[in-house]
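Descriptive analysis of the structure
Okay, here's what each chain looks like letter by letter:
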Amino acid sequence: MAKRKVLGCSLNLIIIISIVFLILIVVSFIGGSVGALITGGEPLSIFAVQPPHPQLAAEHPFPNLPITNTMITAWISILVVFGLFFAATRRMKLVPRGLQNFVEFIYEAGANFIEDAAGKKHGRWFFPVCVTIFLFVLANAWINLIPGFETIKMNGEPLLRNANTDVNVPLMLAVVAFISIEYWGFKAKGAPYLETFFNFKPLGSGLKQLFTGKIKAGFAGIFTGIIVAFAGILEILSHFIRMVSFTFRLFGNMTAGAILTLIMIFLIPWVVPAIFYGLEAFFGFVQAMIFGGLTLGFACAAVMAEE
Amino acid sequence: MEGLGLDLPTFVGQLVSFLILLGLLVYVGYKPIRKMLDERANRIKESMEQAEATKQEYEQAKVAVQEQIGKAREEGQAIISQAAQIGDRLKEEARGEARKEAQALVERARGELERERDKVIDDLRHEFVDTAILAAEKVINETLDKERHRKLIEQAMEESTTFKEN
C-alpha cells in the first residue's frame, strides 16, 4: 500500500511539522510583547521584541561623518553587483560556465525584454540605465533580507538599512531616469522633441489667419492652438509628476514592507514573519522590475516617432 | 520634508555612487558580455554556414563521383566494344593473310610443279631427240628399208631408259 505524499513528504510528517509550527506560533504570540499586554504579565525574554519605531529619514551611525546608513548599504549593494559582474567577466570563455553563465543569463533576459519593447537600436541606448536601475534596486532590496541585517548597531543607530527606504535613493533613481528619458527623446528626435512641450505652431498659424482676414478659420485655429499649447504644459507637468510617482512608489513600497515585517516580528516573533520575508523578496523583485520597466516604457514613448 | 529625510548631500552621494556603478557595469559587465555574445553568435553562425557548405560540397562531390562512375562505365563499355571490333578485324585480317599465304603457297607449289613438269618434258624431249639422233645415226649407218627403219626406231625407243620408266 503506497503512502500518500504531500510536497514530497509523507502526510504524517507534514501534519507533525504543521502542529509544531502552530505551537511555536501560539507560544511566541502568548509569550511575546502582545501576549504580555493581554495577560498583564511580563513578556518572556526571548520573545521580548521592541515595537517598531519607524523613522523615515536615514540615520547617521557615525556622528562626525555625513554618511547615512543607507549610503553604506548602497555601497555594499554596488560592491555586490559590481563584484558579481567583475568575477564573471574576468576570464570570459566562449563556452560559458558557472558565474559567466549566470550574468549572461541576466544580460540576455534584460536585453530581450528591452529590445522587445524598444527595438534593436533604441534598446542598446536604454539597456545600461534600465538594467543598472533594476540591479541596484534588487540588490538593495535583497541584501536587506539577510537575517540580522538591520540589527547591527553603531553608536545607538542601525549601521545598515535598506537603501530603498531612504527617500533620497528612489528620488535619485527617478532623477536619473528622468534625465535619461529626456536625453534619449532629444537624441532620437532632435529639436522637434521640444515640440512635445512647447508647440505654438497651431496658435501662430491661427493668428496669421485672423490677421489675413479669415476671421472664422482664425478663431478656430487660435482655439486649437491654445489647446495644443496647454497640452504641452500638461506634458511638462506629467514628466515631473512621473518623477515624483517613481520616487514614492519605490520608497513607499519598500518602507511599508520593512515596517510590516517589523510589526509582524513584534506581534508573532516566530514562524509567521518568514512568510513576510518571502513576500518582501518577491516585492523587491517586483519593484525593481517596475522601476526598470517604467523607465523603459517612458523612454520608448519619448523616442517613438509621432504619427 | 525634514521628516521624510530629503537631504541634498545624501542625494548627491547616492547619485555619484549610482553613476559609478553604472559606469563600472558598462565597462566591466555590459560591454564584455555584449562582445562575447556577439562573438558567440558569429561563431555559431559561421560554424553553421560551414556545416552547410560542407554538406553542399559533399552533395556536389557525390554527384561528381556518380558522374565519373557513369563516365567510366561508358568508357569501359566503349573500350570493350572497341576491343571486340579490333579483335574481329584482327581475326579477319589474320584469316585474309592466311588465305593469301595459302594461295601463295599453292601458287608457288603449282609454279614449281609446272617448272618441274616443263623440265621433265624438256629433259624428255632432249632425251628423245638424242635417242632420235642415235637412231638416225644407226639408220644412216645401215642403209635401211622401211620395215627395218621402223624396227630400228622401236628398238631405239625400247633401249631408251627414260621412255621405259615413264
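Computed from a predicted model, the values in this text were never measured in an experiment.

Observations concerning a positive patch on the surface
The grouping of R90, R91, K93 and R97 of chain A at the surface amounts to a positive patch. Structurally, K93 of chain A can be placed in the loop between α3 (69-89) and α4 (98-143).

With respect to the packing of helix α6 (residues 201-211) of chain A against helix α7 (residues 215-267) of chain A
Residue and element names in this part refer to chain A. Where α6 meets α7, the closest approach of the two axes is 7 Å, and the angle between their N-to-C directions is 165°. Classified by the angle between their axes, α6 and α7 sit roughly antiparallel to one another. Once α6 is placed against α7, the crossing between them reads as left-handed. Contact with α6, carried on its side by P202, L203, G206, L207, Q209 and L210, involves I215, A217, G218, F219, G221, I222, G225, I226 and V228 of α7 and no other residues of that element. A per-class count over the contact of α6 with α7 returns 10 nonpolar, 5 polar and no charged.

Some remarks on unusual backbone geometry
Most peptide bonds adopt trans geometry, and most residues besides glycine take a negative phi value. Residue and element names in this part refer to chain A. In this structure, V271 takes a positive phi of about 65° despite not being glycine. You can see V271 is positioned in the loop between α7 and α8 (272-303). Using a relative accessible area of 27% as the deciding quantity, one classes V271 as partly exposed.

Points about the pattern of salt bridges
Enumeration over the complete set of coordinates arrives at 8 salt bridges over all chains. A salt bridge links K120 of chain A to E115 of chain A; its shortest N-O distance comes to 3.6 Å. Overall, K120 of chain A belongs to the exposed group, its relative accessible area being 55%. Notably, a salt bridge pairs R34 of chain B with D38 of chain B, separated by 3.2 Å at the nearest N-O pair. Of this pair, R34 of chain B and D38 of chain B are both found in helix α1 (residues 8-141), 4 residues apart, which corresponds to roughly one turn of the helix.

Quick notes on the interface of chain B and chain A
Size of an interface: often given as the accessible area lost when the parts come together. Taken together, the contact between chain B and chain A spans 31 residues of the former and 43 residues of the latter. When chain B packs against chain A, close to 3300 Å² is buried across both sides, 76% of that on carbon and sulfur atoms. Taken as a group, Q14, F18 and Y30 of chain B account for 20% of the area that chain B buries against chain A, more than any other trio of residues on that side. Where chain B packs against chain A, one counts 1 salt bridge. Close ionic contact of R40 of chain B with E104 of chain A constitutes a salt bridge, the shortest N to O distance being 2.7 Å. For the pair chain B and chain A, the number of links is 6 residue pairs in polar contact (both at pLDDT 80 or more).

Points about the packing of α4 of chain A against helix α5 (residues 168-189) of chain A
A pair of packed helices can be characterised by two numbers: the angle between their axes and the separation between those axes. Residue and element names in this part refer to chain A. In contact at an axis separation of 11 Å, α4 and α5 are set at 175° when each is read in the N-to-C sense. The angle between the axes of α4 and α5 places the two elements in the roughly antiparallel class. Contacts between α4 and α5 pair H122, W125, F126, V129, I133, F136, V137 and N140 from the former with V169, M172, L173, V176, A177, S180, W184, K187 and A188 from the latter. Within the contact of α4 with α5, the residues separate by chemical class into 13 nonpolar, 3 polar and 1 charged.

A look at the packing of aromatic side chains
Between two aromatic rings, the relevant description is the distance of the centres plus the angle of the planes. Applying the stated criterion across every chain, the model contains 15 aromatic pairs over all chains. Considering the side-chain rings of Y107 of chain A and F127 of chain A, the 4.5 Å spacing of their centres and the 50° angle between planes classify their relative orientation as tilted. A relative accessible area of 5% means that Y107 of chain A is categorised as buried. Of the residues examined, F127 of chain A reaches a relative accessible area of 5% and is grouped as buried. Consider the rings of F197 of chain A and F198 of chain A, whose centres lie 6.5 Å apart with planes at 70°: the pair is edge-to-face. Members of the aromatic cluster, connected to one another through ring pairs, are F85, Y107 and F127 of chain A together with Y30 of chain B.

Parameters at a glance
Throughout this document, residue positions are counted from 1 along each chain, in the order its sequence is written. Chain letters and ligand numbers both follow the written order, the letters beginning at A and the numbers at 1. With the structure being a predicted model, the display of local features is reserved for residues of pLDDT at least 70 and the display and counting of side-chain atom pairs for 80 or more, all residues being used for whole-chain, interface and lining totals. Computation of side-chain values covers all heavy atoms of the structure but excludes hydrogens and water. The patches reported here contain residues having more than 30% relative accessible area and no salt bridge. Joining distances are 9 Å for like charges and 5 Å for nonpolar side chains (Val, Leu, Ile, Met, Phe, Trp, Tyr). Computed with the Shrake-Rupley method and a 1.4 Å probe, the accessible areas treat only the protein chains shown as cover for residues. Every case where a carboxyl oxygen of Asp or Glu lies within 4 Å of a side-chain nitrogen of Lys or Arg is listed as a salt bridge. When charges are counted, neither His nor the chain ends are considered; positive counts come from Lys and Arg and negative counts from Asp and Glu. The location of each charge is read from NZ of Lys, CZ of Arg, CG of Asp or CD of Glu. Only DSSP runs of H or I reaching four residues or more are called helices, and only runs of E reaching two or more are called strands; each is numbered from the N terminus. Between N-to-C directions, angles cover 0 to 180 degrees, with each direction set by a line fitted to C-alpha atoms, over the stretch in contact for helices. By definition in this entry, angles of less than 35 degrees are roughly parallel, angles greater than 145 are roughly antiparallel, angles of 65 to 115 are roughly perpendicular, and the rest are oblique. For any helix crossing, the convention is left-handed if the near helix is rotated counterclockwise from the far helix by under a right angle, and right-handed if that rotation is clockwise. Whether two residues are in contact is decided by their heavy atoms, any of which lying within 4.5 Å being enough. For this classification, the nonpolar set comprises Ala, Val, Leu, Ile, Met, Phe, Trp, Tyr, Cys and Pro, the charged set comprises Asp, Glu, Lys and Arg, and every other residue, Gly included, is treated as polar. Each residue gets one of three labels from its accessible area relative to the maximum for its type: buried under 20%, exposed over 50%, partly exposed in between, using a 1.4 Å probe on protein chains only. Accessible area that two parts lose when put together, with a 1.4 Å probe and added across both, is what the buried area reports. Between N or O atoms, a polar contact is any pair within 3.5 Å; within protein, one atom must be a potential hydrogen donor and the other a potential acceptor, and residues adjacent in sequence are included only when both atoms are from side chains. Whether two aromatic rings pair depends on their centres lying within 6.5 Å, for rings of Phe, Tyr and Trp, where Trp uses its six-membered ring; planes under 30 degrees apart make the pair stacked, over 60 edge-to-face, and the rest tilted.

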